[in-house]
Amino acid sequence: MTRVLYVLDLMGVAVFAISGVLAAAQAGMDWLGALVLASVTAIGGGTMRDLLLGRHPIFWVRDARYPWVILATAVATIVYVHHLPSPGLALLVADALGLALFAITGAQVAETVRHSPLITVMVGTMTGAGGGVIRDLLSGQVPLLLRGGFYASAAIGGIALYLLVQVAGLPRRHAFFLGLAAVFGLRMAAIAWDWHLPALTPPRSQWSHP
Amino acid sequence: MTRVLYVLDLMGVAVFAISGVLAAAQAGMDWLGALVLASVTAIGGGTMRDLLLGRHPIFWVRDARYPWVILATAVATIVYVHHLPSPGLALLVADALGLALFAITGAQVAETVRHSPLITVMVGTMTGAGGGVIRDLLSGQVPLLLRGGFYASAAIGGIALYLLVQVAGLPRRHAFFLGLAAVFGLRMAAIAWDWHLPALTPPRSQWSHP
Amino acid sequence: MTRVLYVLDLMGVAVFAISGVLAAAQAGMDWLGALVLASVTAIGGGTMRDLLLGRHPIFWVRDARYPWVILATAVATIVYVHHLPSPGLALLVADALGLALFAITGAQVAETVRHSPLITVMVGTMTGAGGGVIRDLLSGQVPLLLRGGFYASAAIGGIALYLLVQVAGLPRRHAFFLGLAAVFGLRMAAIAWDWHLPALTPPRSQWSHP
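On a predicted model such as this, the values are computed, not experimentally measured, just so you know.

**Student:** Got a minute to help me understand the overall build of chain A in this structure?
**Tutor:** When helices and strands are tallied, chain A shows eight helices and zero strands. The order of helices and strands in chain A, counted from the N terminus, is α-α-α-α-α-α-α-α. Its C-alpha radius of gyration of 17 Å places chain A within 12% of the 17 Å reference for a compact globule of 210 residues. For chain A, the spread of C-alpha atoms along the three principal axes comes to 55 × 50 × 35 Å. Going through the 210 residues of chain A one by one, you find that 59% of them count as buried. Once local pairs closer than 6 in sequence are excluded, the contacts in chain A between residues at least 24 apart make up 72%. Entry remark: accessible area of chain A is about 8200 Å², with carbon and sulfur atoms responsible for 70%. When the 12 positive and 8 negative side-chain charges of chain A are each reduced to one mean point, those points stand 7 Å apart.

Here it is as structure tokens:
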């Protein structure tokens, strides 16, 4: 079980590294920029989690297998991008799996530090979606997370389910898989049916605040 | 006294959460983006302070009342924004109060870790203005702090006064209220009379540095 | 020897503070924005290093001489910028020296925490180039680091050499100076002959990932 989780975790890191390289290609960066963007996307969320919870050493400092997986994946993706079209749907599926994994494992880590449902949801969502936010900032874009697409929403929904079914008496291990399935399912459904949250209407009078 | 400070602190968090929702509305984000922006604006400065000073658990991980206040305030603001015009002046006043509170309490926390006036000013200013900087970055704007408006300047002025009057022999408690009043007063005066610091003239010859 | 390193370190901080002020001038900020940008450029990389490695107190909290050097340098540069043309080449040389120093000393700090060559390269590069990335983000630009120019590449090359010659049996002290010279030399050569890494070709099919 722990071994399965570890392998899934490395897979999540690899998937996010791929998405970083693709973002770098889209932005016209060179291959070093691609390596940097792959790294921050893959380890950004988990690094925020460990820093905020005061867990040292940070997961990728403790276990150098994470950076090696990122390096290998990023180099392979850089080569791939030169020769073949973007994998499209396959990547979206893999990315949704990465989001689900990081969100629920992030929530579990938060629980070991502090028992508050709100903080568990916050830290879990940050672990899942934080790397993508840094990737977008470094690419010069408003994080897509903030512009809709039911990405963080899927993470929040799944973590909430993970917590609720435990309150209802389900063992933690089953809750884990339910939460995982919920994040993944919500994200896939959002892609399939183009789900969006309603936009806020802008405030009538301009208000500027430095 | 401590109780009053705690209530004022929660008020500061609430005010900054409101400013995050308004920025999200201005940028056309959905309500989840508004929640995220409200959270980073409200806890960003204090989180930087705690991380830089190595204080764990981070204030909002230790006391879950902070995230709950943010959640409640943000939801109320989201509903409000749909129906009523932006509160304008009232908010600017509340925001100046939040800045004053966070700057001076941030300075006091810094003092407990390290006795250096410059570091006290740096950490206090960061605590007061840091959340707004992250909010602007995530909204895709150059932080207004860097573009003028006498915002960080008000914080720096008030913290400097707070330190100076203590050197002059005033008890810490009185210095606290003087510093608070100075930040608030400077910021309000800057709004009323449109104070600005002089802009730098750009360097004559272009110099690019990667 | 340690004393020489300390002086070089303060010089590196000063050089990066200057580059922050120049970036602020280019972006039309006021003098407070220039101070802020000078500070984050000068201490950003080392702060990331200390946070990620869990080293407290952070270097500039422990030793207030760093902020004082930044303040003095930034004020002098602000005055200078009003009266004289940008120093151009001299600054590029000084900046390359700062990069070299921060990258190799950052690598050495990483080694004291964890013996993994990949992590040493990552943390060293981040220490050298991290401040500039934050400076560019706050100025509203895609970090130039990600757009080429052989900047991080020079740091990576020099740190790799520093590690390799130690594996080959050279004492650490000599490796230090070789690494330093390599980063500096690579960066200067990149400026002289306009070296660039190849850009990635964008992926054929658009792939959007929130």
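**Student:** Is there a simple way to think about helix 4 (residues 65–83) of chain A in this case?
**Tutor:** Helical geometry note: an α-helix holds 3.6 residues per turn, so side chains three or four residues apart project in the same direction. The first and last C-alpha atoms of helix 4 of chain A sit 28 Å apart over 19 residues, in line with the 27 Å expected at 1.5 Å per residue. Among the residues of helix 4 of chain A, Tyr66, Pro67, Ile70, Thr73, Ala74, Thr77, Ile78 and Val81 of chain A are the ones counted as buried. End-on view of helix 4 of chain A: buried residues confined to an arc of 140 degrees, all on one side of the axis. On its buried side, helix 4 of chain A packs onto helix 1 (2–26), helix 2 (31–53) and helix 3 (59–62) of chain A together with helix 6 (117–138) of chain C.

**Student:** Honestly, the nonpolar core in this entry has me stumped. Any pointers?
**Tutor:** Across soluble globular proteins, you tend to see nonpolar side chains buried next to one another. Among the nonpolar cores identified, the biggest contains 204 residues, and Val21 and Trp60 of chain A, Val21 and Trp60 of chain B together with Val21 and Trp60 of chain C are the most heavily contacted of them. If near-sequence neighbours (up to four positions away) are discounted, tryptophan 60 of chain B is found in contact with Leu52, Ile119, Met122, Val123 and Met126 of chain A together with Ile43, Thr47, Tyr66 and Pro67 of chain B.

**Student:** Looking at this structure, how should I read the relation of the copies chain A and chain B?
**Tutor:** One copy of the chain maps onto the other through a rotation about an axis followed by a shift along the same axis. Superposing chain A onto chain B takes a rotation of 120 degrees combined with a translation of 0.0 Å along the rotation axis, leaving an RMSD of 0.0 Å. Both copies of the chain, as the preceding transformation shows, are related through a three-fold rotation axis.

**Student:** I tried to follow the UniProt feature "domain: Glycine transporter" (unreviewed entry) in chain A on my own but got confused; where do I start?
**Tutor:** Residues and elements named next belong to chain A. The feature "domain: Glycine transporter" (unreviewed entry), as annotated in UniProt, sits at residues 7–80 and 93–165 in this numbering. Counted over residues 7–80, helix gives 85% and strand 0%. Its end C-alpha atoms are 23 Å apart. Secondary structure content for residues 93–165 is 78% helix and 0% strand, and the end C-alpha separation is 25 Å.

**Student:** Is there a simple way to think about the interface of chain A and chain B in this case?
**Tutor:** Size of an interface: often given as the accessible area lost when the parts come together. Contact with chain A, which involves 35 residues of that partner, is made by 49 residues of chain B. With both chains or domains summed, chain A and chain B bury close to 3600 Å², and 70% of this area falls on carbon and sulfur atoms. Taken together, chain A and chain B are joined by zero salt bridges. Elements with a minimum of two residues in the side of chain A that touches chain B: helix 2, helix 6 (117–138) and helix 7 (152–167) of chain A. Grouping the amino acids of the side of chain A that touches chain B by side-chain chemistry returns 23 nonpolar, nine polar and three charged.

**Student:** Looking at this model, I keep getting lost on the interface of chain B and chain C. Mind explaining?
**Tutor:** The interface is formed by 35 residues belonging to chain B together with 50 residues belonging to chain C. If you look at where chain B meets chain C, you find zero residue pairs in polar contact (both at pLDDT 80 or more). Counting only elements with at least two residues in the side of chain B that touches chain C, the list comes to helix 2 (31–53), helix 6 (117–138) and helix 7 (152–167) of chain B. Sort the elements by how many residues they give to the side of chain B that touches chain C and helix 6 of chain B lands first, with seven residues. Here the residues of the side of chain B that touches chain C sort into 23 nonpolar, nine polar and three charged.

**Student:** Would you mind going over the relation of the copies chain B and chain C with me for this structure?
**Tutor:** Relative to chain C, chain B is turned by 120 degrees and slid 0.0 Å along the rotation axis, the superposed coordinates differing by an RMSD of 0.0 Å. Comparing interface residues between copies, only 9% of those in chain B also lie at the interface in chain C; the contact surfaces differ.

**Student:** Would you explain the packing of helix 2 of chain B against helix 4 (residues 65–83) of chain B in this entry?
**Tutor:** For any two helices packed against each other, one specifies the crossing angle of their axes together with the interaxial distance. All names here are of chain B. Remark: helix 2 packs on helix 4, axes separated minimally by 10 Å, with the N-to-C direction vectors making an angle of 135 degrees. Our classification of the angle between helix 2 and helix 4 gives oblique. Here helix 2 and helix 4 pass one another in a crossing that is right-handed. Residues Trp31, Ala34, Leu35, Ala38, Ser39, Ala42 and Ile43 of helix 2 form the contact with helix 4, whose own contacting residues are Ile70, Leu71, Ala74 and Ile78. Split into classes, the residues belonging to the contact of helix 2 with helix 4 amount to ten nonpolar, one polar and no charged.

**Student:** Quick question: what am I supposed to make of the UniProt feature "transmembrane region" (unreviewed entry) in chain A here?
**Tutor:** Residues and elements named next belong to chain A. As recorded in UniProt, the feature "transmembrane region" (unreviewed entry) lies at residues 7–25, 31–52, 64–82, 88–106, 118–138, 144–164 and 176–195. With 100% helix and 0% strand, the stretch residues 31–52 has end C-alpha atoms that lie 31 Å from each other. Secondary structure within residues 64–82 divides into 95% helix and 0% strand; the distance between the first and last C-alpha atoms comes to 28 Å.

**Student:** Is there a simple way to explain helix 8 (residues 172–192) of chain B in this structure?
**Tutor:** Residue and element names in this part refer to chain B. In a regular helix each residue adds 1.5 Å, so 21 residues correspond to 30 Å; helix 8 covers 30 Å between its end C-alpha atoms and thus fits that length. Buried within helix 8 are the following residues: Ala175, Phe176, Gly179, Leu180, Ala182, Val183, Arg187, Ala189 and Ala190. Looking at the buried residues of helix 8, the elements they touch are helix 1 (2–26), helix 5 (89–113) and helix 7. Downstream of helix 8 by one or two residues, aspartate 194 has phi in the positive range, about 55 degrees.

**Student:** Looking at this structure, how should I read the packing of aromatic side chains?
**Tutor:** Pairs of aromatic rings are described using the distance from one ring centre to the other and the angle between the two planes. All names here are of chain A. The final tally for this structure, using the stated rule, is 18 aromatic pairs over all chains. Arranged with centres 6.2 Å apart and planes meeting at 90 degrees, the rings of tyrosine 6 and tyrosine 66 form a pair that is edge-to-face. Here tyrosine 6 is found in helix 1, whereas its partner tyrosine 66 is found in helix 4, with 60 residues between them in sequence. Residue classification places tyrosine 6 among the partly exposed positions, given a relative accessible area of 24%. On the accessibility criterion, tyrosine 66 (5% relative accessible area) is buried. A centroid spacing of 5.2 Å and a plane angle of 90 degrees characterise the contact between phenylalanine 176 and phenylalanine 177, whose relative ring orientation is edge-to-face. Taken together, Tyr6, Phe59 and Tyr66 form an aromatic cluster joined through their ring pairs.

About the cut-offs
- Residues numbered from 1 in each chain as written.
- Chains lettered and ligands numbered in written order.
- Predicted model: local features only at pLDDT ≥ 70, side-chain atom pairs only at ≥ 80, totals over all residues.
- Heavy atoms only, no water.
- Helix = DSSP H or I, 4+ residues; strand = E, 2+ residues; numbered from the N terminus.
- Rg over C-alpha atoms; globule rule 2.2 N^0.38 Å.
- Buried < 20%, exposed > 50% of the residue type's maximum accessible area, 1.4 Å probe, protein only.
- Contact = heavy atoms within 4.5 Å.
- Areas by Shrake-Rupley, 256 points an atom, 1.4 Å probe, with all protein chains shown as cover.
- Lys, Arg positive; Asp, Glu negative; His and termini not counted.
- Charge placed at Lys NZ, Arg CZ, Asp CG, Glu CD.
- Expected span 1.5 Å × (residues − 1).
- Arc of directions from axis to C-beta.
- Core = buried A, V, L, I, M, F, W, Y, C linked by side-chain atoms within 4.5 Å.
- Least-squares fit on C-alpha atoms with pLDDT ≥ 70 in both.
- UniProt positions renumbered as here; feature names shortened; annotations may be inferred.
- Buried area = accessible area lost by both parts, 1.4 Å probe.
- Salt bridge = Lys/Arg side-chain N within 4 Å of Asp/Glu carboxyl O.
- Nonpolar A, V, L, I, M, F, W, Y, C, P; charged D, E, K, R; others polar.
- Polar contact = N/O pair within 3.5 Å; in protein donor to acceptor, adjacent residues only side chain to side chain.
- Axes fitted to C-alpha atoms, helices over the stretch in contact; angles between N-to-C directions.
- Parallel < 35°, antiparallel > 145°, perpendicular 65-115°, else oblique.
- Left-handed = near helix turned anticlockwise from the far one by under 90°.
- Phe/Tyr/Trp six-rings, centres within 6.5 Å; stacked < 30°, edge-to-face > 60°.

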